[in-house]
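The lines below spell out each chain.
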Amino acid sequence: MALKKVKGNFERMFDKNLTDLVRGIRNNKDNEAKYISQCIEEIKQELRQDNVSVKCNAVAKLTYIQMLGYDISWAGFNIIEVMSSSRFTCKRIGYLAASQCFHPDSELLMLTTNMIRKDLNSQNQYDAGVALSGLSCFISPDLSRDLANDIMTLMSSTKPYLRMKAVLMMYKVFLRYPEALRPAFPKLKEKLEDPDPGVQSAAVNVICELARKNPKNYLPLAPVFFKLMTTSTNNWMLIKIIKLFGALTPLEPRLGKKLIEPLTNLIHSTSAMSLLYECINTVIAVLISISSGMPNHSASIQLCVQKLRILIEDSDQNLKYLGLLAMSKILKTHPKSVQTHKDLILACLDDKDESIRLRALDLLYGMVSKKNLMEIVKRLLGHMERAEGSAYRDELLFKVIEICAQSSYLYVTNFEWYMTVLVELIQLEAGSKHGCLIAEQLLDVAIRVPVVRQFAVIEMTNLLDTFAVSTQSNSMYEVLYAAAWIVGEFSSELADAEKTLNILMRPRQLPGHIQGVYVQNVIKLFARLATTCLEQQNMSGIVCLCDHVLEKLHHFNGSNDIEVQERANSACMLIEMLRKQLTASDETATTGAIPTLAIEIVQEMALLFAGELIPVAPKAQRKVPLPNGLDLDEWINEPPPEDASSSSSDHDKDELFVSSTHDGNDAAGGVHAGAKRRKSLELTPEQMERQRVARLIEQSNNPHYLKSTPISSSIAIGISSNNSNADQYDNIDDIPITEIPLDIEGVVALRVGITKRSDKYLQTLQATTSLSSKDAKRKHKKGKKSKKSKNKVAYNSSSESEAEPKPLHLVNTTLDMPEGVTLSDSEDKDGKYDPNDPHRALDIELDISMFETPAKVSKGSVSISPNKENLKAPTQAGTSSSKGTDAVAGKKEKKSKEKRRADRKTSKEQAVPNLIDTEGSPYRASTDNGGSSNNNNIILSDTAHSQHKKKKREKSEKAAHKSSKQLIDDAPKTTTTTCTNIIDVGDNASAEPEAEPAIIKAHRKKHKKEKSQHKEKRMHKTAASDYEQPQGVSTPSKEIF
Amino acid sequence: MIKAILVFNNHGKPRLSKFYQYFDENLQQQIIKETFQLVSKRDDNVCNFLEGGSLIGGADYKLIYRHYATLYFVFCVDSSESELGILDLIQVFVETLDKCFENVCELDLIFHADAVHHILSELVMGGMVLQTNMNDIMARIEEQNKLIKQEAGISAAPARAVSVVKSMNIPQQIKDIKLPDLPQAIKDLKF
């Protein structure tokens, strides 16, 4: 034996150890993957050996390899072997590997239950410590259920190190097994007053985590924490407590009032910045929760803001960041007090640190006024040009829109300026995801501010003309949707509608929904142009317009998008019909008069788009009450009988799709009910030829095409001669020329370099304000200076005394809402919670008030007793030592689950009349792993019994001591005998065929031995259950150690 | 709660990774990569807090990091932790490492990744802060080291001898052997 050991050691010397592995990996940088796979092969060899030290070495190497991203879960069984070694060295390596690669869903974990239990109860505190550390990383619901009592026992260990770890561990247990919370809570609360500060801190930590998610259950603990806060000097713990109070105050305003004073004292006295910061945070939370009625209310908010200012002014970027973060919380409720520090916050916008700039951006929301909005936006636009990260640019873009649009454009005085800003944002930002947002803003402004529409249509025409749809995956093209709609809807504002119409009809590669809008707005523009022609009695103009639009719309007819196709076809039908009426009577054409039917059609078309659009509140539809007697599930028409179903339904579908254009026309036009359906989408040769020519013209006009010959222009001339008035549309204006802003202002812009179009509004504004003030010149200079030096004075230049600039434009804020409904109606607050959040299960009402004076009541009292009873249960079931039983016990426990569940049910029913033990009984029933015999015993304990407890206590303590020994002796036998059948099953179904047999053999040997003791054991069992009652009452858990 | 603790060097090579929530190995590597990219592009004089990290975290989580010479120490924490407190904790962690390894450098972390894990487990347990007092932490570590030494005893002596021999690096030693400068010696010979 000794020889073998020496031999093993000798062999081991030549294995690679961890250092060799690391060195090897570093020496093989070029083919690291190959080297590691080679090492893994070696490790597999090593794992097959019997020597634990060799295995241990292999597992240590695996842990390192895991960090490099290799899956090592295949070695799970070996890791468990190493964990079960009796040597601390190996155990530690095993638990480390387990904590790195096991997780709550690992199936292998069920093998570990008894082994971990053994480690937890080990004499060596570091064995238990290592087990707790490892367990905290991979504990599963099953493990939590089975080990909860062992960990609770450790909570009252004599060693502070273990108490501390056990307390933290309980939190993990609660997360996986919420039923443990109620019975464990009294003990946890006891630990708040533990003599060891580490244990105290751990208990605070756990309760804080619990209370963070379900604060209302922990309100009764507030006095205990209050006491701790005023007496403790441990900053780490104080921070946790103060954070906890921050979560509690919203629920109980009275608590907040009490807190203000000690917190302000702490703020004044502490030198630790972390504590100071958390105090301020909680004071803010308190102030938010208290609506009114505080005498020194403003004093404390002032104190907070002052302290925060010190933080923000600090050179330490971390403090600056946190200061801004806390400021944003104050801003929500006390915007006035933050606004006095405007200068400071605006200065942070230019900070070199992105995190700080982002926080300052959050605050900007409350900083803007009518006076400084333009200035701030200008600065943000400047940032956007310089910023490199697209995420930050997006954030800036979002903020610009947010601050401008807040409370219905309260601070925007000039909407032409805002429109320009929006257009600039579009041009600045190539890869933004906020295209939809800008589009919404454009629509919103155009609809709500009637004055700006004229300006808007010009801007939008330009935008439609010049916007280049990039192939990049971004959403900026969405703005075309808004632009097209605006030019169409407000076409009456257009100076040159024909130009816009041509731009819209230019074939472009666009997403379907935007093309659809294009087509729709082409009709709007057409209707408007036709109406003007009508007014001028310009017959040829109308004809020409019809032909031109028809020709261009055919591009859309062949679109892949069904929506575009439908709209284009409807439009074509409509216009063709008009065209037919125009040419129907040749006589009238010669006289120049327009046929009456055509006039009617044009007027009807114009009517379609007449009428003002009013903004509708987003929730308006939902607020409309359902009319009485309306049943949406009822058939409007009875469905046809079943027998004709299949064929007729198919037919219906066909009809639906083919006739859609027809129906569309019907609905839209309302005039030509008898219009012929278009037979097909195929183009006639004549049309194809026309399209081809048009394409050539388009190419010749497009500066991006290389023109091979001047032929194309001659074709164009040919066409124009064919169609006498066509040149009206194919004129020079149509040729897309990339605009070069060389007008005078543009030149200025080039020279200055950074001035943008939107800046001119700012300049005019500044000019007017400076003129209006008395000492105009001086102020102007000041402004200039500050601009150059680029410091915060720029914002101060417009001092408070100056009058607010008058808004140039008015915003229409009326929203269309059903009667008797207000906008402020809140949304339903469902879907707020994550269904997978384990904390939902932990929302358990704890009867804390019962234990309000813990020190006196807890000793041997009714409320604590259930825990102590339960401490016994696992020792009876567990502490088996062999490896084999580990595997088996897990399986056994699964089987016994059902049984236990049944037990639980019955026990609960029985427990109901037990008035005194109401807290204890459910827990006792649920966590009792022991046999059903003692289960019954506990439940039988009744009121009378509890009165006898005190008398019995001294006696029973001795008895319990004895019985606990017996129980420990019993334990392995009970488990092994009851699971005889399962061993055989395990043999067949074992997942590790190589490793298992040896263990099972060993196990069987043991089993035989124990069979002989079967009778003895039965006797023991009865004896044990006799002792069970008194134990439950009073055994101090210390005696287990 | 702390969700993860990562240590990597200036090139993003992981030196320690501890996740207190389960991610599979692939995702772990992606998280390390992403965190490195987020952290490494920041200057040294900016603040040590970072929002974001799409793979790990979400709205409630922050990355809190410190940069020492060649190493980044990154903690991913939720809002229940105090930001400045965690910064202090990182400092405690590094100072403890410094005490244990005597002037810690990246190589110590590379070759003793397991020891670093054991030290860390005395500071943080299952994502919760266990101990912040350095003296207590050191006492725990030393006691455990003593235990290991006891267990090793004589049986580990041969293994130790072999590892010393292995680390001798013979080729370098041969190179380092100083021979008298031969040409000079020949010149100095007097006939």
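Residues numbered from 1 in each chain as written. Chains lettered and ligands numbered in written order. Predicted model: local features only at pLDDT ≥ 70, side-chain atom pairs only at ≥ 80, totals over all residues. Heavy atoms only, no water.

The name that an unreviewed UniProt entry assigns to chain B is GH21700, with the source organism given as Drosophila grimshawi. We quote the UniProt Sequence similarities (unreviewed entry) comment for chain B here in full: "Belongs to the adaptor complexes small subunit family." (UniProt positions renumbered as here; feature names shortened; annotations may be inferred.)

Going by the annotation in an unreviewed UniProt entry, the name recorded for chain A is AP-3 complex subunit delta, with Drosophila grimshawi given as the source organism. Taken from UniProt, the Subunit (unreviewed entry) comment for chain A reads in full: "Adaptor protein complex 3 (AP-3) is a heterotetramer."

A. Representation of the overall build of chain B. Counting secondary structure elements, chain B contains 8 helices and 7 strands. Counting contacts in chain B only where the partners sit at least 6 residues apart, residues at least 24 apart contribute 51% of the total. Carbon and sulfur atoms form 55% of the exposed surface of chain B, whose accessible area is close to 9,700 Å². (Helix = DSSP H or I, 4+ residues; strand = E, 2+ residues; numbered from the N terminus. Contact = heavy atoms within 4.5 Å. Areas by Shrake-Rupley, 256 points an atom, 1.4 Å probe, with all protein chains shown as cover.)

B. Structural context of the overall build of chain A. The helix and strand inventory of chain A stands at 52 helices and 0 strands. Scored against the burial criterion, the 1041 residues of chain A give a buried share of 51%. When the accessible surface of chain A is totalled, it reaches about 51,800 Å², and 54% of it is carbon and sulfur. (Buried < 20%, exposed > 50% of the residue type's maximum accessible area, 1.4 Å probe, protein only.)

C. Summary view of the confidence of the model for chain B. Confidence along chain B averages 84 in pLDDT terms, with 81% of residues attaining 70 or more. If you check the scores for this complex, the pTM reads 0.61 and the ipTM reads 0.85. (pLDDT = per-residue confidence, 0-100.)

D. Structural context of a nonpolar patch on the surface. Taken together, the side chains of L626, L630 and L632 of chain A present a nonpolar region at the surface, about 340 Å² in accessible area. Relative to the helices and strands, L626 of chain A resides in the loop between helix 34 (620-623) and helix 35 (645-658). (Patch = residues over 30% accessible without salt bridge, like charges linked within 9 Å, V, L, I, M, F, W, Y side chains within 5 Å. Salt bridge = Lys/Arg side-chain N within 4 Å of Asp/Glu carboxyl O.)

E. A look at the packing of aromatic side chains. Tallied over the entire structure, the rule returns 15 aromatic pairs over all chains. Centroid distance Y409 of chain A to F415 of chain A: 5.6 Å. Interplanar angle 75 degrees. Geometry classified as edge-to-face. Take Y409 of chain A and F415 of chain A: they sit in the same class, and that class is buried. On the basis of an interplanar angle of 50 degrees and a centroid distance of 6.3 Å, the ring pair of Y65 of chain B and Y72 of chain B is categorised as tilted. Here Y72 of chain B falls in the buried class, since its relative accessible area comes to 5%. By the ring-pair criterion, three or more aromatic residues cluster together here, those being Y409, F415, W417 and Y418 of chain A. Over the ring of F226 of chain A we find K258 of chain A; its NZ or CZ atom is 5.4 Å from the centre of that ring. (Phe/Tyr/Trp six-rings, centres within 6.5 Å; stacked < 30°, edge-to-face > 60°. Lys NZ or Arg CZ within 6 Å of the ring centre and 35° of its normal.)

F. Quick look at helix 15 (residues 253-269) of chain A. Residue and element names in this part refer to chain A. Over its 17 residues, helix 15 extends 25 Å from the first C-alpha to the last, a length consistent with the 24 Å expected when each residue adds 1.5 Å. The largest bend in helix 15 is about 35 degrees, located at L259, with the proline P262 one to four residues further on. For helix 15, the complete set of buried residues consists of L255, G256, L259, I260, P262, L263, T264, L266 and I267. (Expected span 1.5 Å × (residues − 1). Bend = angle between axes of the 7 residues up to and from the residue.)

G. Structural view of the interface of chain A and chain B. With 63 residues of chain A in contact, the opposing surface of chain B contributes 64 residues. Per-residue buried area on chain A facing chain B is highest for M67, R92 and W236 of chain A; these three make up 12% of the total on that side. Taken together, chain A and chain B are joined by 5 salt bridges. Close ionic contact of D60 of chain B with R212 of chain A constitutes a salt bridge, the shortest N to O distance being 3.7 Å. Inspection of the region where chain A meets chain B yields 25 residue pairs in polar contact (both at pLDDT 80 or more). The leading source of residues in the side of chain A that touches chain B is helix 10 (residues 160-176) of chain A, at 7 residues. Of the residues contributing to the side of chain A that touches chain B, the split by class is 26 nonpolar, 19 polar and 18 charged. (Buried area = accessible area lost by both parts, 1.4 Å probe. Polar contact = N/O pair within 3.5 Å; in protein donor to acceptor, adjacent residues only side chain to side chain. Nonpolar A, V, L, I, M, F, W, Y, C, P; charged D, E, K, R; others polar.)

H. Just the packing of helix 2 (residues 18-27) of chain A against helix 3 (residues 32-48) of chain A, in detail. Residue and element names in this part refer to chain A. It is the contact of helix 2 with helix 3, at a shortest axis distance of 9 Å, that shows an interaxial angle of 155 degrees. Comparing their axes, helix 3 and helix 2 come out roughly antiparallel. Of the two elements, helix 2 crosses helix 3, and the hand of that crossing is right-handed. Contacts from D20, L21, G24 and I25 in helix 2 reach E32, Y35, I36 and C39 in helix 3. Residue composition of the contact of helix 2 with helix 3, by class: 5 nonpolar, 1 polar and 2 charged. (Axes fitted to C-alpha atoms, helices over the stretch in contact; angles between N-to-C directions. Parallel < 35°, antiparallel > 145°, perpendicular 65-115°, else oblique. Left-handed = near helix turned anticlockwise from the far one by under 90°.)

I. Layout of the sheet that holds strand 1 (residues 2-9) of chain B. Residue and element names in this part refer to chain B. The strand order across the open sheet built from 5 strands is 2-1-5-4-3, with neighbouring strands paired in antiparallel fashion. At either margin of the open sheet sits one strand with a lone partner, and together these are strand 2 (14-19) and strand 3 (49-51). When the angles between neighbouring strand axes are averaged without regard to direction, this sheet yields 20 degrees. The pairing of strand 1 with strand 5 (residues 71-77) spans 7 bridges and is antiparallel. Pairing of L6 across the sheet is with V74, part of strand 5. (Pairing = 2+ DSSP bridges.)

J. Structural detail: the pattern of salt bridges. Counting across every chain of the model gives 31 salt bridges over all chains. Its salt-bridge partner being R359 of chain A, residue D362 of chain A comes within 2.6 Å of it at the nearest N-O pair. Residue D362 of chain A and its partner R359 of chain A are both found in helix 21 (residues 354-367); the two are separated by 3 residues, about one turn of the helix. The exposure class assigned to D362 of chain A is partly exposed, which follows from its relative accessible area of 24%. Look at the salt bridges and you will find they share partners, linking E209 and R212 of chain A together with D60 and D78 of chain B into a network.

K. Region of interest: the side chain of E278 of chain A. Here E278 of chain A lies in helix 16 (residues 273-289). Beyond its immediate stretch of four places on either side in the chain, E278 of chain A contacts I239, I242 and K243 of chain A together with S82 and E83 of chain B.

L. How the structure looks around unusual backbone geometry. Residue and element names in this part refer to chain B. The phi torsion at A69 lies on the positive side, around 45 degrees, for a residue other than glycine. With respect to the secondary-structure elements, A69 resides in the loop between strand 4 (62-68) and strand 5. On the basis of relative accessible area, A69 is assigned to the exposed category, the value being 71%. At N103, a position not held by glycine, the phi torsion is positive, near 60 degrees. Here N103 lies in the loop between helix 2 (83-101) and helix 3 (106-111).

M. The arrangement of the side chain of E81 of chain B in detail. Topologically, E81 of chain B is positioned in the loop between strand 5 and helix 2. Of the residues examined, E81 of chain B reaches a relative accessible area of 2% and is grouped as buried. Of the polar contacts made by the side chain of E81 of chain B, one reaches the side chain of K240 of chain A; its length is 3.3 Å. Here E81 of chain B is in contact with E209, W236, K240 and K243 of chain A together with M1, I2, I86, G127 and V129 of chain B, once residues within four sequence places are set aside.

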